[in-house]
Amino acid sequence: MSDAQSPTDFDPVEPNTGEDFEPVDVFPDSNDFDLRPGADSCFKCSVCDTNCPVAEVDDDFPGPKFQGPEQWRLKQTDDDYEIDDSVMSCSNCMRCDNACPSGVPLSQMHNTARGEYVENQMSKTDLEYWRNRILSNYRLSASIASKVPRLATWGMNFGPARWLMEKTMGVTKERDFPEFATQTFREWWAERGGADASRRNAQQRREELGLDRDADKKVAYFHGCYSNYNTVDVAKAMVRVYEHYGYEVVAPEQKCSGTPMFANGMLKDARRHAEVNVSSMSDLVDQGYDAIASCTSCSMALRQEYPELFDIDGIEKVSSNTFEAVEYLRIHEDVKEDVQEAQVSGELAEEFAYHAPCHARNQGLERQSVELFRDLEGAGIEDVGESCSGISGTYGWKEEKYAKSMDIGEEMFEHMEHAEGEVGMTECPTCAMQMEHGTGYEIRHPLELLEAAIVE
Amino acid sequence: MAINSDVLVIGGGLAGLTSALKAAREGADVRLVSYKQSSLRHASGLVDLLGYTPDGEGPVTDPYAAMGDLHDAHPYQTVGVETVREAMDLFDDVTDYRGDHTDTNALVPTHGGTVKPTARYPTGAAAGLASDDRDVLLVGLESMVDFDAPHAAAHLEAAGVPFDVRGETIRFPGDLQADAKITRYAKLLDTNGEVAVRGRKKGARDALAERVNTVREKEERVGFPAILGDDHTDAVRAALEEKIGADVFEVPMGPPSLPGLRLEDRLFEALDEAGASFETGNPVVDFDADGDRIETVYIEKNGARIPNSADQYVLATGGLVGKGIESDRESVHEPIFDCHIEHGEDRYEWFDGDAFGDHPFASFGVETDETLRPLTASDSVEFENLRAAGSVLGGYDFAAEKSGSGVSIATGYVAGENAAAEAR
């Protein structure tokens, strides 16, 4: 017999759970989200590792299986276990979530571990901590810059200043800072007449469409920081497209979605912003609005990261009523047929090299733009493949991560060069930065093309 | 409102992909939805039809000939042997797999040193066939413990292969970490990325070939674990062949599997070329029906239910492992449409006491009519517009028979063809 001899009184046909069975509470009570079922579901097939864009170019990064379930188990069995600092090399692309056949919440585990690492193990006097904090609070920097947009755009791309930023802060000087809009989306929105104007536009449009003038078609727009301060045309396109279908749009009070904060383990900052977003969005959901985001990382944050990381009143209501802008129209309108019948001319009559952002993938949106626009007359769209762009928000802005970010992006750059078009397209603002940085192409958002196709 | 198509295929494995591809080629507007990425990256990448009979006889030489002797409820009998051939023609048309020149099974060495009877194999495995009498050198990598080359070689010799086979273990050049992922090796070889060997930078392909040359004697073929590139595997193999001066092949590995991943990529590409739509990442959890017609299914995304409507539906969600069939202590069920699954009332009837015995659970699955529509306990059709394909079907034990890929391709083909024909 082996050492693992079974107890003689154990009968597998009638397990002895009825008598003298005292369940042991292995892990003490805690207010944290219980990740144990997720860790237990991992059967170590390692398919998540095949999705990791970082592990593909850097074998020092131990990959999602280690960062998630393995590290979580190590933490439970050893009180002195410290989170491995490699968690800071995870770019939070979240692709591993889509790989797991057992539904292990990998990105939730990574976000939790990273938050713990930053909170307990990272020195708060370290430059790295402050560099990451400043990068992840882009909204703050952008709101200041937008007061003097032209000066800020110039100043942020001024050579000696950038050299100094790299030397002192570790922000790479290789990249160009994005241009700040001279009028933010919210300024434009207010000047246009805000929600009242949108309601009038929607009512007029419903009459044109033969719908009930007071039909219940209303959405709350989560524009995020980037389309407010930088790519204002994307936000304007969203408003015009939605009004075209008879929706009234509101642009409620909002802060950063938290995406860059999650990626930097700044969970306290993220929570502060999330509280504002959840509060304003959940009130609107109660009034019958759905939340719509045009940035796939914003919609990912509201849908998935919020309920996985925070326990805030109304958070699940918001997450289950949040949609990506084009996705929502695919569900509720005949947008596919409208595009098939449409024709584009002018500035957007182009061949587009389209890149699907990682954060669009888990939402099932990686094919949406290609499938929607492939029958559009006057424009063409080509998928440049499934690789990650490599920038992952703030990741590629870090001096020590820049080279890795470009290594990851190389495959996408090559595919873009081979694609017929010389204009890029993506939903994600930072993927757009990377696409432009690697190819020099101008990058557009699908909503801009949709506007050109269907809005007169 | 909902996201609409003529045919909606649920499941992104071999059955779902074949089904969607066939329906799209028949002219239907097809949409495929899959809970997660395709299960193909868990698979070896070999495509088998029938390796052993249900009685364990084999390896089977001619799978088509042996299909005729299968019991009536076997999916191959439901669709018919001629249809299996048609389905394989479709597979051959969209892939560059080998083996289509003959009805006879090929014998492909596996990473455990066994020999698997299989109908089709990737080009990269072609030089490794066990029926070839040229001597073989198997090269293992120190950090890849899944493939112990000397052990696999000894196993093959014990199995009586008609050639000499030797295993050597080397270090992959560049001192990669011991837990480097298969995608890391593949990427380095795809790009011929630089690795440092004794302080000198070299292309990964050249450096790997040099190491193999120090251990190769006169063997005319050299087998590696299946890590030889992802996007440019043919180029990687050709470069190694030139530098080593011998034929090079890949030995299929367990999950995660690059040959499986490459097949997945190829089939999705073919689906795109056929004009179909697809998405992965979220499960179908519920449906609405009007009588015995399914009207809409719902995909769950973090609490939101995304309606998807089609005229015809194909259920290709997998078996007990793929979670297309679920079980608890009381019963066995199909989780989306609750299609009937025949099973003993007492769960102790579901398995055999012998680990390698004849387990009833291995054949659990939905039973269908001849057009692959699932049947209720009283043999009436569950839904008039639902068909089932792949391992959600009952009546066969793919693990024992080595028939998983063939049944998926054949039933996927038939389900897709019928769905497209019925779609209005």
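Scoring rules and cut-offs
Residues numbered from 1 in each chain as written. Chains lettered and ligands numbered in written order. Predicted model: local features only at pLDDT ≥ 70, side-chain atom pairs only at ≥ 80, totals over all residues. Helix = DSSP H or I, 4+ residues; strand = E, 2+ residues; numbered from the N terminus. Rg over C-alpha atoms; globule rule 2.2 N^0.38 Å. Buried ≥ 20, exposed ≤ 12 C-beta atoms within 10 Å, placed from the backbone. Contact = placed C-beta atoms within 7 Å. Arc of directions from axis to C-beta. Axes fitted to C-alpha atoms, helices over the stretch in contact; angles between N-to-C directions. Parallel < 35°, antiparallel > 145°, perpendicular 65-115°, else oblique. Left-handed = near helix turned anticlockwise from the far one by under 90°. Domains from an automatic or database assignment. Nonpolar A, V, L, I, M, F, W, Y, C, P; charged D, E, K, R; others polar. Pairing = 2+ DSSP bridges. pLDDT = per-residue confidence, 0-100.

Brief notes about the overall build of chain A
What chain A contains, in helices and strands, is 23 helices and 8 strands. In terms of C-alpha radius of gyration, chain A reaches 24 Å, essentially the compact-globule figure of 23 Å for 456 residues. For chain A, the spread of C-alpha atoms along the principal axes amounts to about 80 × 60 × 40 Å. Out of the 456 residues belonging to chain A, those deemed buried represent 52%. Here the analysis covers contacts within chain A between residues at least 6 apart in sequence; of these, 76% occur between residues at least 24 apart.

Overview of helix α5 (residues 127-136) of chain A
Residues and elements named next belong to chain A. Burial in α5 covers these residues: R131, N132, L135 and S136. On an axial view of α5, the arc spanned by its buried residues comes to 120 degrees, and they lie on one face. Next to the buried residues of α5 lie α6 (138-145), α8 (159-169), α13 (259-263) and α14 (267-286).

A few points about the packing of helix α7 (residues 204-215) of chain B against helix α8 (residues 233-244) of chain B
Residues and elements named next belong to chain B. Contact geometry of α7 with α8 gives a least axis separation of 9 Å together with a crossing angle of 45 degrees. It follows that α7 is oblique to α8 by the angle criterion. Viewed along their axes, α7 and α8 form a crossing whose handedness is right-handed. Facing α7, whose interface residues are R205, D206, L208, A209, V212 and N213, α8 presents V236, A239, L240, K243 and I244.

Section: the domain arrangement of chain A
All names here are of chain A. Its domain assignment divides chain A into domain 1 (36-120), domain 2 (127-169), domain 3 (185-332) and domain 4 (335-454). Taking only C-alpha atoms into account, the centre of domain 1 sits 31 Å from that of domain 3. Looking at the side of domain 1 that touches domain 3 residue by residue, the class counts come to 3 nonpolar, 5 polar and 1 charged.

Regarding the domain arrangement of chain B
Residues and elements named next belong to chain B. Domains assigned within chain B are domain 1 (3-99 + 261-422) and domain 2 (123-251). Computed over C-alpha atoms, the centres of domain 1 and domain 2 are 35 Å apart. Contact residues are listed per partner, giving 4 residues for domain 1 and 4 residues for domain 2. Here the side of domain 1 that touches domain 2 is built from residues that sort into 1 nonpolar, no polar and 3 charged.

Some details on the pairing of strand β13 (residues 293-301) of chain B
Residues and elements named next belong to chain B. Where strand β12 (residues 284-290) and β13 come together, 6 bridges link them in antiparallel fashion. By the bridge assignment for β13, A289 is matched with I294. Here β12 folds back onto β13 in antiparallel fashion, the turn holding 2 residues, of which G291 has a positive phi close to 65 degrees. Linking β13 back to strand β14 (residues 304-315) in an antiparallel pair, the connection comprises 2 residues, with N302 at a positive phi of about 45 degrees.

Let's talk about the pairing of strand β7 (residues 194-197) of chain B
Sheet topology note: the β7 of chain B/strand β8 (residues 200-203) of chain B ladder contains 4 bridges and is antiparallel. Pairing of V197 of chain B across the sheet is with R200 of chain B, part of β8 of chain B.

Considering the environment of F222 of chain A
All names here are of chain A. One can find F222 in strand β1 (residues 218-222). As a C-alpha pair, F222 and A453 span 231 residues in sequence and 23 Å in three-dimensional space. Here F222 is in contact with Q254, A291, I292, A293, C298 and L302, once residues within four sequence places are set aside.

With respect to the sheet that holds strand β2 (residues 248-250) of chain A
Residue and element names in this part refer to chain A. Pairing in this open sheet of 4 strands is parallel, and the strands run β2-β1-β3-β4 from one edge to the other. Each having just a single partner strand, β2 and β4 (322-324) make up the two edges of the open sheet. Each strand axis lies, on average, 35 degrees off the axis of its neighbour in the sheet, ignoring direction. Judged from the 3 bridges that link them, strand β3 (residues 290-293) and β4 form a sheet pairing that is parallel. The residue bridging A293 from the neighbouring strand is E324, located in β4.

Section: the environment of C339 of chain B
All names here are of chain B. In this fold, C339 is placed in the loop between β16 (332-333) and β17 (386-388). Each C-alpha atom, one on C339 and one on P374, is 6.8 Å from the other, the two residues being 35 residues apart in sequence. The contacts of C339, once residues within four sequence positions are left out, are E334, V366, P374 and E382.

Looking at the packing of helix α1 (residues 14-25) of chain B against helix α9 (residues 258-273) of chain B
Residues and elements named next belong to chain B. Between α1 and α9, whose axes approach to 9 Å, the crossing angle comes to 20 degrees. With respect to α9, the element α1 is oriented roughly parallel. Remark: the crossing between α1 and α9 carries left-handed chirality. Across the interface between the two elements, L17, A20, L21 and A24 of α1 pack against L267, A270 and L271 of α9. Across the contact of α1 with α9, the residue classes tally to 7 nonpolar, no polar and no charged.

Section: the confidence of the model for chain A
Averaged over every residue, the pLDDT of chain A is 92; residues scoring 70 or more account for 93%. Note on residues 1-8 of chain A: pLDDT under 50 across the span, and 0 contacts to partners over four residues away in sequence or across chains.

A word on the environment of R444 of chain A
Residue and element names in this part refer to chain A. Residue position: R444 is located in strand β8 (residues 442-444). Given 23 C-beta atoms within a 10 Å radius, R444 is considered buried. Considering only alpha carbons, one finds R444 and N157, 287 residues apart in sequence, at a separation of 22 Å. If we ignore the near neighbours within four places in the chain, the residues touching R444 are L348, F352, V423, M425 and L449.

Some remarks on the sheet that holds strand β9 (residues 221-225) of chain B
Residue and element names in this part refer to chain B. Read from one edge to the other, the open sheet built from 4 strands follows the order β6-β5-β9-β10, with strand pairing classed as parallel. What marks the edges here is a single partner per strand, and that holds for β6 (165-170) and β10 (247-251). Direction aside, neighbouring strands of the sheet carry axes that sit 25 degrees apart on average. Sheet strands touched by helix α5 (residues 149-158): β5 (136-141) and β6. Its angle to β6, the strand with the most contacts, is close to 170 degrees.

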